[in-house]
Amino acid sequence: MSTATEQSPINFQPDEGDGTMAPGYAVVFCLNYMMGSGYLTLPRAFADAGLAWGLSILVAVSIGATAAAECLLDCMARAGWIAAARALPESGGSFCRVPLDAPSPPVTRLQREAPRPVQLPDLCALYLGDTGYAAYVTLISGYMLGSLWCYAAIFAAALEANLAPSGHVLYVGLFAVFVVPLSLKDLADQKAVQTLLAFGRVVMLAVMLVTALTYLWSMGPIAPMPKRTGTFDGVAALAPVVTFSLVLHHSVPQIVAPVKVRSEFDKNVLFRRAFVGACLLYALFAAPVASAAAKLSSSCTEYQVASRTQSSPRGLPGHSASQRAAASSHAAASPRAAPSCAAASS
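Residues numbered from 1 in each chain as written. Predicted model: local features only at pLDDT ≥ 70, side-chain atom pairs only at ≥ 80, totals over all residues. Heavy atoms only, no water.

Caption draft 1: How the structure looks around the nonpolar core. Core analysis: the largest hydrophobic core is formed by 58 residues, its most contacted members being M34, L246, F271 and Y282. Every element with two or more residues in this core is listed here: α1 (23–34), α2 (42–49), α3 (51–86), α5 (120–162), α7 (191–219), α8 (235–245), α9 (252–256) and α10 (265–311). The biggest single contributor to this core is α10, with 15 residues. Not counting residues within four places of it along the chain, the set of residues in contact with L246 comprises M34, L58, V61, S62, A65, F275, A278 and Y282. (Core = buried A, V, L, I, M, F, W, Y, C linked by side-chain atoms within 4.5 Å. Buried < 20%, exposed > 50% of the residue type's maximum accessible area, 1.4 Å probe, protein only. Helix = DSSP H or I, 4+ residues; strand = E, 2+ residues; numbered from the N terminus. Contact = heavy atoms within 4.5 Å.)

Caption draft 2: How the structure looks around the pattern of salt bridges. Counted by the stated rule, this structure contains three salt bridges. Here R44 and D48 are joined by a salt bridge, their closest N and O atoms 3.0 Å apart. Placement of the pair is R44 and D48 together in helix α2, with a separation of four residues, close to one helical turn. Where D74 meets R78, a salt bridge forms, and the shortest distance between an N and an O atom there is 2.7 Å. One end of the pair is D74 and the other is R78, both in helix α3 and four residues apart, which spans about a single turn. (Salt bridge = Lys/Arg side-chain N within 4 Å of Asp/Glu carboxyl O.)

Caption draft 3: The packing of aromatic side chains, seen in detail. One pass over the structure, following the stated rule, counts four aromatic pairs. Ring centres of Y39 and Y282 lie 5.7 Å apart, and the angle between their planes is 15°; this geometry places the pair in the stacked category. Here the residue Y39 occupies a position in the loop between α1 and α2, and Y282 occupies one in helix α10, the gap between them amounting to 243 residues. For Y39, a relative accessible area of 1% puts it in the buried group. Classification of Y282 by relative accessible area gives buried; the value is 1%. By the ring-pair criterion, three or more aromatic residues cluster together here, those being Y39, Y282 and F285. (Phe/Tyr/Trp six-rings, centres within 6.5 Å; stacked < 30°, edge-to-face > 60°.)

Laid out in structure tokens, this is it:
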């Protein structure tokens with residue numbers, strides 16, 4: 001028999017078998033929502049801004065994203081009470097303040113059947129009115145259309161580069177064949193597919209990390225990294241890249257709706273685990289590549305200075321004799337830098 005807490009308007013859950021899923025699957029959904037194409041630019045953004053700034057902003061934005069998701073959960077919980085109160089016309093839809101440790105009142109049939117806002121447009125209409133609803137729908141529609149077009153373009157470009165180069169429209173259609181059916185299915189029915197996709201993303205992340213580091217150490221960076229002249233260089237470009245890599249808040253209500261939990265706090269824990277996991281994966285991917293790129297770019301620059309110094313009897317203008325001597329000794333001590341720098345300068 002269910003307890004009063006489990007039957008409260010906040011904690012009411014669908015019956016077993018009505019599309020429920022375990023919290024672990026919800027974490028998988030969160031990772032899949034976040035790990036789109038945005039994180040692919042993290043290594044370059046980390047290298048431009050510096051490793052310390054990159055990791056600091058990644059942690060700060062992860063904490064902020066977790067707090068924002070928990071705020072949405074609170075809004076959903078309050079919406080549940082509002083819907084339950086409006087289902088009791090004899091009480092005038094009024095509210096009363098109760099102690100936090102007081103047991104939740106049993107839910108009535110009218111409260112059980114009352115429609116609960118579970119989509120962000122509905123929550124915007126409830127809290128912000130028609131203007132807030134229209135603004136959110138307009139913004140999220142542009143975001144969704146832009147994201148889908150971006151993903152379709154990346155998918156088609158990748159197949160064009162590796163298969164037939166003249167089948168762009170065909171590849172976009174193939175992308176639609178995969179995406180449209182998934183978009184029409186309930187999240188609880190996608191558990192196996194989403195788990196497989198999450199595993200594939202982690203494997204792909206590991207492969208990209210290994211191949212990027214292998215290329216950097218064998219061939220060097222494609223071009224030397226821009227020289228940082230100020231403390232905040234690259235930070236302005238880093239912050240939006242990190243933020244875009246952790247966006248999933250428009251899908252928070254859909255993710256938690258079919259999740260079966262013992263208490264409302266379990267939903268908060270769910271998102272905390274998801275954002276901690278994403279933060280760790282991004283750090284393990286971006287930090288090593290950015291560190292290697294910055295280190296090898298510095299070595300490449302020193303090698304090029306030494307090569308130009310040795311090829312010119314007068315040395316390089318603007319460099320002292322001690323600087324030219326240091327560059328020459330570095331070139332002599334680093335013979336493996338020659339092919340890397342040659343690749344970078346070509």
